[in-house]
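Structure at a glance
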Amino acid sequence: MKRILTIQDISCLGKCSITVALPIISAMGVETTILPTAVLSTHTMFPDFTVKDLTDQLIPITNHWKSQNVKFDAIYTGYLGSAEEIEIAEKIFDEFGGDDTLIFIDPVMADNGKLYPAFDMDYAKRNAALSGKADIIVPNITEACFMTDTEYKETYDEAYVLELLDKLSKLGAKKVVLTGVSLSEGKTGVYGLDTETGEKIIYQNDKVDAAYHGTGDIFASVSVGAVTRGLSLKDAFKIAADYTADTIRVTLDNPEKPWYGVDFEATIPELVDTLREYLK
């Protein structure tokens with residue numbers, strides 16, 4: 001069985017980060033090892049949440065793994081809460097990575113043209129440098145802009161997307177993929193570039209008119225799970241985009257009207273069935 005290490009925080013309630021990555025990747029038939037950077041009572045959209053930083057535990061945990069000769073087929077980073085955690089992630093890539101280890105980075109730090117409150121431009125630059133060690137990066141357009149010193153635009157065309165991809169490719173990642181790209185009315189999806197072959201990776205599906213916390217984590221988790229199982233990037237991102245959209249639709253139909261996350265648990269059986277069809 002393949003094994004993925006995911007490095008990000010735990011929101012005990014809220015359906016994001018590790019509480020999304022662990023069940024989804026496990027359901028896809030991949031052993032999931034977690035390295036929690038912090039424990040939050042809830043995600044940050046709740047008022048008065050509690051936080052316990054775990055940065056000082058990351059090195060002792062990974063040192064123990066090294067003593068046990070632990071290996072990983074993929075390392076997947078999500079939200080890293082500080083520059084120190086970025087530095088530790090880089091060391092983990094060096095110590096546990098290799099030619100057969102996929103490095104997958106979701107540089108979670110910004111959306112809608114703004115950095116998250118805890119971050120500044122120095123953090124964005126450090127995240128950009130970390131991305132240079134990746135096989136695959138999946139920033140949204142806002143994150144890509146901060147990582148490449150590009151003006152953020154709400155309205156854009158394909159030329160703007162290609163400019164961002166070109167700048168991202170210069171950071172050093174092998175495959176750069178923009179998420180949340182809308183090239184026509186009512187559509188959204190991914191637009192990526194394999195920097196080694198020049199191949200474009202494009203997929204658009206119907207945009208669901210709703211926004212929920214944690215959907216980016218769902219998309220990234222499905223993507224890395226599918227690639228680790230051996231699917232092509234094109235197929236992996238199609239499955240991830242469609243699954244994310246389906247979970248939003250199911251959540252909108254829920255009479256309880258949950259607000260803090262999507263009902264991804266209800267659609268995991270369909271995800272497993274879809275993956276099984278691709279693996280035939």
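The text that follows walks through the structure, step by step, so that each part is easy to find. In this numbering scheme, every chain counts its residues from 1 along its sequence in written order. Local features are withheld for residues below a pLDDT of 70 in this predicted model, meaning they are given only at 70 or higher, and side-chain atom pairs are given and counted only at 80 or more; totals for whole chains, interfaces and linings count all residues. To get the side-chain values, take all heavy atoms of the structure and skip hydrogens and water.

1. Brief notes about the packing of helix H1 (residues 18-27) against helix H7 (residues 215-228)
At a minimum axis distance of 9 Å, the contact between H1 and H7 shows a crossing angle of 30°. In this structure, H1 meets H7 at a crossing whose hand is right-handed. Across the interface between the two elements, Val20, Ala21, Ile24 and Ile25 of H1 pack against Asp217, Ile218, Ser221, Val222 and Val224 of H7. The nonpolar class holds Ala, Val, Leu, Ile, Met, Phe, Trp, Tyr, Cys and Pro. Asp, Glu, Lys and Arg form the charged class, and all remaining residues, Gly among them, are polar. Here the contact of H1 with H7 is composed, by residue class, of seven nonpolar, one polar and one charged. Simply put, an axis is a line fit to the C-alpha atoms, just over the touching stretch for a helix, and the angle between two N-to-C directions goes from 0 to 180 degrees. Numbering of helices and strands starts at the N terminus; helices are DSSP runs of H or I of at least 4 residues and strands are runs of E of at least 2. Working rule for handedness: look at the near helix, and if it is turned counterclockwise from the far one by less than a right angle, call the crossing left-handed; if clockwise, right-handed. Only heavy atoms enter the contact rule, under which two residues are in contact if any of them lie within 4.5 Å.

2. A short note on the pairing of strand E2 (residues 31-42)
Across nine bridges, strand E1 (residues 3-13) lies against E2 in parallel orientation. Note that in E2 the partner of Gln8 across the bridge is Pro36. Crossovers are marked right-handed if the path from the first strand over the helix to the second runs clockwise, as seen with the strands pointing away from the viewer. In the classification by handedness, the crossover that spans E1, the intervening H1 and the parallel E2 is right-handed. Strand pairing is assigned whenever DSSP identifies at least 2 bridges connecting the two strands.

3. Side note on helix H4 (residues 121-131)
Partly exposed residues are those whose accessible area sits between 20% and 50% of the maximum for their type, while under 20% is buried and over 50% is exposed, using a 1.4 Å probe and protein chains only. Among all positions of H4, only Tyr123, Ala124, Asn127, Ala128, Leu130 and Ser131 are buried. For H4, the buried positions fall inside an angular range of 160° around the axis, keeping them on one side. Along its buried surface, H4 packs onto helix H3 (83-96), strand E5 (102-105), strand E7 (114-115), strand E8 (136-137) and helix H5 (141-148). For the purposes of these results, a polar contact is taken to be a pair of N or O atoms within 3.5 Å, where, inside protein, one atom must be able to donate a hydrogen and its partner to accept one; residues adjacent in sequence count only when each atom of the pair is a side-chain atom. Its side-chain oxygen at 3.2 Å from the backbone nitrogen of Asp122, Asp120 defines the N-terminal cap of H4. What the arc describes is the spread of directions from the helix axis to the C-beta atoms.

4. Overview of the packing of aromatic side chains
Here a pair means two rings of Phe, Tyr or Trp (six-membered ring of Trp) with centres within 6.5 Å. Their orientation is stacked below 30 degrees between planes, edge-to-face above 60, and tilted elsewhere. Counting across every chain of the model gives eleven aromatic pairs. Ring geometry for Phe46 against Trp259: centres 4.7 Å apart, planes inclined by 50°, an arrangement best described as tilted. Placement of the pair is Phe46 in the loop between E2 and strand E3 (51-53) and Trp259 in the loop between helix H8 (233-252) and helix H9 (264-279), with a sequence separation of 213 residues. Phe46 gets classed as buried once you look at its relative accessible area, which sits at 15%. Linked through ring pairs, Phe46, Trp259 and Tyr260 together constitute an aromatic cluster.

5. Structural notes on the side chain of Glu85
Checked against the element boundaries, Glu85 lands in helix H3. At 12 Å, Lys52 is the nearest oppositely charged side chain to Glu85, a buried residue that forms no salt bridge. What Glu85 contacts, discounting residues up to four positions off in sequence, is Thr37, Asp53, Thr55, Leu58 and Leu80. A residue counts as positive if it is Lys or Arg and as negative if it is Asp or Glu; His and the chain ends are not included. Every case where a carboxyl oxygen of Asp or Glu lies within 4 Å of a side-chain nitrogen of Lys or Arg is listed as a salt bridge.

6. Digging into the pattern of salt bridges
Using the criterion set out here, one finds 19 salt bridges in the structure. A salt bridge links Arg126 to Glu87, with the shortest nitrogen-to-oxygen separation between them at 3.0 Å. Here the residue Arg126 occupies a position in helix H4, and Glu87 occupies one in helix H3, the gap between them amounting to 39 residues. Using a relative accessible area of 31% as the deciding quantity, one classes Arg126 as partly exposed.

7. Topic: the nonpolar core
Burial of nonpolar side chains together is a common tendency in soluble globular proteins. Core analysis: the largest hydrophobic core is formed by 43 residues, its most contacted members being Leu5, Ile75, Ile92, Met109 and Leu178. Tallying contributions element by element places H3 first for this core, with six residues. Leaving out residues up to four positions away in the same chain, Met109 has contacts with Leu115, Tyr116, Phe119, Tyr123, Ala124, Asn127, Glu143 and Met147. Residues Tyr212, Leu231, Ala240 and Phe264 belong to the second largest nonpolar core, which totals 41 residues. As used here, the term nonpolar core means buried Ala, Val, Leu, Ile, Met, Phe, Trp, Tyr and Cys residues forming a set that is joined through side-chain atoms within 4.5 Å.

Everything listed is a geometric property; what it means functionally is a separate question.
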